[in-house]
Amino acid sequence: MTNKELFDALKAPFKPEDVEWRVGRKTKDKSKGEVLAYISARAVQERLDEVVGADKWSVEYTPVDFGDKKRTNYKGEVEVTSVKGFLATLTINLPEGYTVQKTDGANCTDFEPFKGGISGAFRRVGSAFGIGRYLYSLPAIWVELDQWGNFKKPNLPSWALPEGVTQESQSPVQQHHGSEDTPATQASNGEVIFPKGKYAGKPVSSVTDMGYLSWVADRSNFSEDIKQAASKVIADQQMNMYDEPA
């Protein structure tokens, strides 16, 4: 296998059963939702083992601490958030005799911060090598939701399937609901407010704890309104970081 063939194999689409889905935005009546496709850290590991060889790749994690970030909330109070995470450096031994490294990172999550941080960093550095990156090119996919938020797994377009693979309609995806699956409340100005938990009673937009917001958006059982609001705060924060002068 040449280096080019190896990288092409890393970038190849996954089988439909290896692609996972979660609900992002919802319509106001919550009868439809936009679903987002992603690949798990385990799937990235298996792709590396299959294509590169289990003894031909390694990953090293470096904890990072950017200190405390201060922000004034809607009440005029100064909130301090500790910004911590992990950098993952993935090293691959190429067939033609040299190695290549790439590094990417992710914040610690509020829930299982160590596990969540390294998993996020690993998936991101895998994408840096092209693993699962094609899923970012999927068009917006909206599905019907039942009263519990469950939906039928959508079919992927032909270009997002492995060569020779066809896809039939998928079985329903069950949305897991726990004690925190509580509907969001809204302030008079339309702000989405946490109904319970660490920041109960506070507007989601006022929370600066990125680790907690990442957990809310990606792994919690809060309602989709709260997850959407948390995702927007994270996206806005990332945009502000890009806009800051070097």
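This text goes with the structure placed above it.
Since the structure is predicted, the reported quantities are computational estimates derived from the model, not experimental observations.

S.K.: Teacher, can you tell me more about the overall build of the protein here?
M.R.: Broken down by element type, the protein carries five helices and 10 strands. In the protein, which comprises 246 residues, the share counted as buried stands at 41%. For the protein, long-range pairs separated by at least 24 residues make up 55% of all intrachain contacts whose partners lie at least 6 apart in sequence. Taken as a whole, the protein presents about 14,200 Å² of accessible surface, with 50% of it coming from carbon and sulfur.

S.K.: Would you explain unusual backbone geometry in this entry?
M.R.: It is generally the case that most residues other than glycine have a negative phi and that most peptide bonds are trans. Although it is not a glycine, Lys30 sits at a positive phi angle of roughly 60°. Summarising the element assignment, Lys30 is placed in the loop between strand S1 (20-26) and strand S2 (32-38).

S.K.: Teacher, can you tell me more about helix H3 (residues 113-128) here?
M.R.: A turn of α-helix holds 3.6 residues, and therefore any two residues three or four places apart point the same way. With 16 residues, H3 extends 22 Å from end C-alpha to end C-alpha; this agrees with the ideal 22 Å at 1.5 Å per step. Contact partners of the buried residues in H3: helix H2 (41-51), strand S3 (57-72), strand S4 (78-93) and strand S5 (99-107). Downstream of H3 by a residue or two, Gly130 has a phi angle that is positive, lying close to 95°.

S.K.: I would appreciate a short explanation of the packing of H2 against H3 in the present structure.
M.R.: Helix-helix packing is described using two parameters, namely the angle between the two axes and the distance between the axes. For the pair H2 and H3, interaxial distance at closest approach is 9 Å and the crossing angle is 45°. Judged on the interaxial angle alone, H3 and H2 are oblique. Handedness of the crossing formed by H2 with H3: left-handed. Two secondary-structure elements touch here, H2 through Ala41, Val44, Gln45 and Leu48 and H3 through Ser119, Phe122, Arg123 and Gly126.

S.K.: Help me understand helix H1 (residues 3-11), please; the structure alone is not making it clear to me.
M.R.: The set of residues buried in H1 consists of Asn3, Leu6 and Leu10. Buried residues in H1, looked at end-on, bunch into an arc of 60°, giving them a common side. Against H2 and S4 lie the buried residues of H1.

S.K.: Explain the sheet that holds strand S6 (residues 141-144) here, please?
M.R.: Each strand in a sheet pairs with another by means of backbone hydrogen bonds, the pair being arranged parallel or else antiparallel. With antiparallel pairing, the three strands of this open sheet are ordered in space as S1-S2-S6. Of all strands in the sheet, those with a lone pairing partner are S1 and S6, marking the two edges. Pairs of neighbouring strands in the sheet enclose a mean axial angle of 45°, with direction left out of account. In this sheet, S2 lies alongside S1 in antiparallel orientation, the contact comprising five bridges. Looking at the pairing, Trp21 lines up with Ala37 of S2.

S.K.: In this structure, what is going on with the layout of surface pockets? I would like to understand it.
M.R.: The gaps of empty space that remain are located by a probe, the size of a water molecule, rolled over the atoms. Each pocket or cavity is described by its volume, and for the second largest pocket that value is around 280 Å³. Lining the second largest pocket are 14 residues, with Pro13, Phe14, Lys15, Arg47 and Glu50 sitting closest to its centre. By residue number, the principal contributor to the lining of the second largest pocket is H2, which donates five residues.

S.K.: Explain the sheet that holds S5 here, please?
M.R.: With antiparallel pairing, the three strands of this open sheet are ordered in space as S3-S4-S5. Two strands in the sheet have a free side with no partner beyond their single neighbour: S3 and S5. Within the sheet, the average angular offset between the axes of one strand and its neighbour, ignoring direction, is 20°. Strand direction decides the pairing type here: S4 and S5, joined by nine bridges, are antiparallel. Residue pairing for S5: Ile92 is matched across the bridge by Val100. Across the sheet, H3 touches S3, S4 and S5, and the angle it forms with S5 is around 135°.

S.K.: Looking at this structure, I do not really get the nonpolar core. What am I missing?
M.R.: Soluble globular proteins tend to pack their nonpolar side chains together in the buried interior. Among the nonpolar cores identified, the biggest contains 39 residues, and Leu10, Val19, Trp21, Leu48, Val52 and Ile92 are the most heavily contacted of them. At the level of secondary structure, the elements contributing two or more residues to this core comprise H1, S1, S2, H2, S4, H3 and S6. With five residues, H2 is the single largest residue contributor to this core. Sequence-distant contacts of Val19, that is, excluding residues within four places in its chain, are made with Phe14, Ala37, Tyr38, Ile39, Tyr134, Leu135, Lys153 and Leu156. Judged by nonpolar contacts, the second largest core, of 17 residues, contains Val192, Met210, Ile226 and Ala230.

How each quantity is defined
- Residues numbered from 1 in each chain as written.
- Predicted model: local features only at pLDDT ≥ 70, side-chain atom pairs only at ≥ 80, totals over all residues.
- Heavy atoms only, no water.
- Helix = DSSP H or I, 4+ residues; strand = E, 2+ residues; numbered from the N terminus.
- Buried < 20%, exposed > 50% of the residue type's maximum accessible area, 1.4 Å probe, protein only.
- Contact = heavy atoms within 4.5 Å.
- Areas by Shrake-Rupley, 256 points an atom, 1.4 Å probe, with all protein chains shown as cover.
- Expected span 1.5 Å × (residues − 1).
- Axes fitted to C-alpha atoms, helices over the stretch in contact; angles between N-to-C directions.
- Parallel < 35°, antiparallel > 145°, perpendicular 65-115°, else oblique.
- Left-handed = near helix turned anticlockwise from the far one by under 90°.
- Arc of directions from axis to C-beta.
- Pairing = 2+ DSSP bridges.
- 1 Å grid on protein atoms, 1.4 Å probe; cavity = no way out; pocket = protein on both sides within 12 Å on 5 of 7 lines; lining within 4 Å.
- Points joined across faces, edges and corners; volume = space filled by probe spheres on them.
- Core = buried A, V, L, I, M, F, W, Y, C linked by side-chain atoms within 4.5 Å.

These figures come from the coordinates and say nothing about function on their own.
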